[in-house]
Amino acid sequence: MSIDLDQLRTDFTNTPLDEADREEALHLLLRERREGDADLLRHLLAEETASHQEGWGVREALVLAALLLAECGREDDVWTLWEAKNASFDTMAGLDGFLLFPAGIAGTTAHVIAGEQHPERNELMTYMSEYLEYEKLTDEDIRENVAGLRSHFWS
């Protein structure tokens, strides 16, 4: 299937995509992402997450979907990114922790702290705290890591 990105943007919930289709769509979005693509990216990441819950390893498409969603900069996407990271043992190890800060350290952390009713809140807060303490990251470091990961996919 050759992906029609404009059609996919308008009808992604009714368009069946297999692993190869999702990867093609994500590579198109890498080059042609628009401001309104966050819902499509959430959908693609959710599909990749579900696929990874049943397998081994970390496919490039999962990392790319997480990167593109993180680049949208919305603090509430931390939950979708956390779910992807927790899909399996391999995704926990293979999906970079810096992607869990889509709205920067302060904005994302404040959002997680405020999410008292979210069932994953405590686990995510613990992970974020330990990750930041170990890595000693700043928002600038996160931006550089995101840019480096993007350049990996761009080439």
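Relevant structure appears above.
So, here is what we can say about the structure in this document. Nothing here was measured: the structure is a model prediction, and the numbers come from that model.

So, about the pattern of salt bridges. Tallied over the full model, the rule gives eleven salt bridges. The partner of Arg-59 in a salt bridge is Glu-19, and the shortest N-O contact between them spans 3.3 Å. Placement of the pair is Arg-59 in the loop between helix H3 (38–52) and helix H4 (60–71) and Glu-19 in helix H2 (residues 19–32), with a sequence separation of 40 residues. Note that Asp-77 is salt-bridged to Arg-42, the shortest N-O span being 2.5 Å. Taken together, the residues span a long stretch of sequence, with Asp-77 in the loop between H4 and helix H5 (78–85) and Arg-42 in helix H3 at a distance of 35 residues. According to the relative accessible area criterion, Asp-77 is buried, its value standing at 1%. Residue Arg-42 is classed as buried on the basis of its relative accessible area, which comes to 18%.

For any two aromatic rings, the description comes down to two numbers: the centre-to-centre distance and the angle of the planes. On inspection of all chains with the given rule, the structure shows three aromatic pairs. On the basis of an interplanar angle of 45 degrees and a centroid distance of 5.3 Å, the ring pair of Trp-82 and Tyr-127 is categorised as tilted. Of this pair, Trp-82 sits in helix H5 while Tyr-127 sits in helix H8 (residues 121–135), and the two are 45 residues apart along the sequence. With a centroid separation of 6.4 Å and 25 degrees between ring planes, the pair formed by Phe-101 and Tyr-131 is classed as stacked. With a gap of 30 residues between them, Phe-101 in the loop between helix H6 (89–94) and helix H7 (104–114) and Tyr-131 in helix H8 connect regions that are remote in the sequence. For Tyr-131, a relative accessible area of 14% puts it in the buried group. In this structure an aromatic cluster arises from ring pairing among Trp-82, Phe-101, Tyr-127 and Tyr-131. Sitting over the ring of Trp-154, Arg-31 keeps its end group 4.5 Å from the ring centre.

The rules behind the values
Here the residue index of a chain counts from 1 through its sequence in written order. With pLDDT at 70 or above as the cut-off, local features in this predicted model cover only qualifying residues; side-chain atom pairs require 80 or more to be listed or tallied, and sums for whole chains, interfaces and linings still use all residues. Values shown for side chains rest on all heavy atoms present in the structure; no hydrogens or waters enter the calculation. Criterion for a salt bridge: a side-chain nitrogen of Lys or Arg within 4 Å of a carboxyl oxygen of Asp or Glu. Only runs of H or I of at least four residues qualify as helices and only runs of E of at least two qualify as strands under DSSP, and these elements are numbered from the N terminus. Relative accessibility thresholds used throughout: buried, under 20% of the residue-type maximum; exposed, over 50%; partly exposed, between the two (1.4 Å probe, protein chains only). Any Phe, Tyr or Trp ring, taking Trp's six-membered ring, that has another such ring centre within 6.5 Å forms a pair; planes under 30 degrees apart are called stacked, those over 60 apart edge-to-face, and the others tilted. Two limits define a charge over a ring: the Lys NZ or Arg CZ must be within 6 Å of the ring centre, and within 35 degrees of the ring normal.

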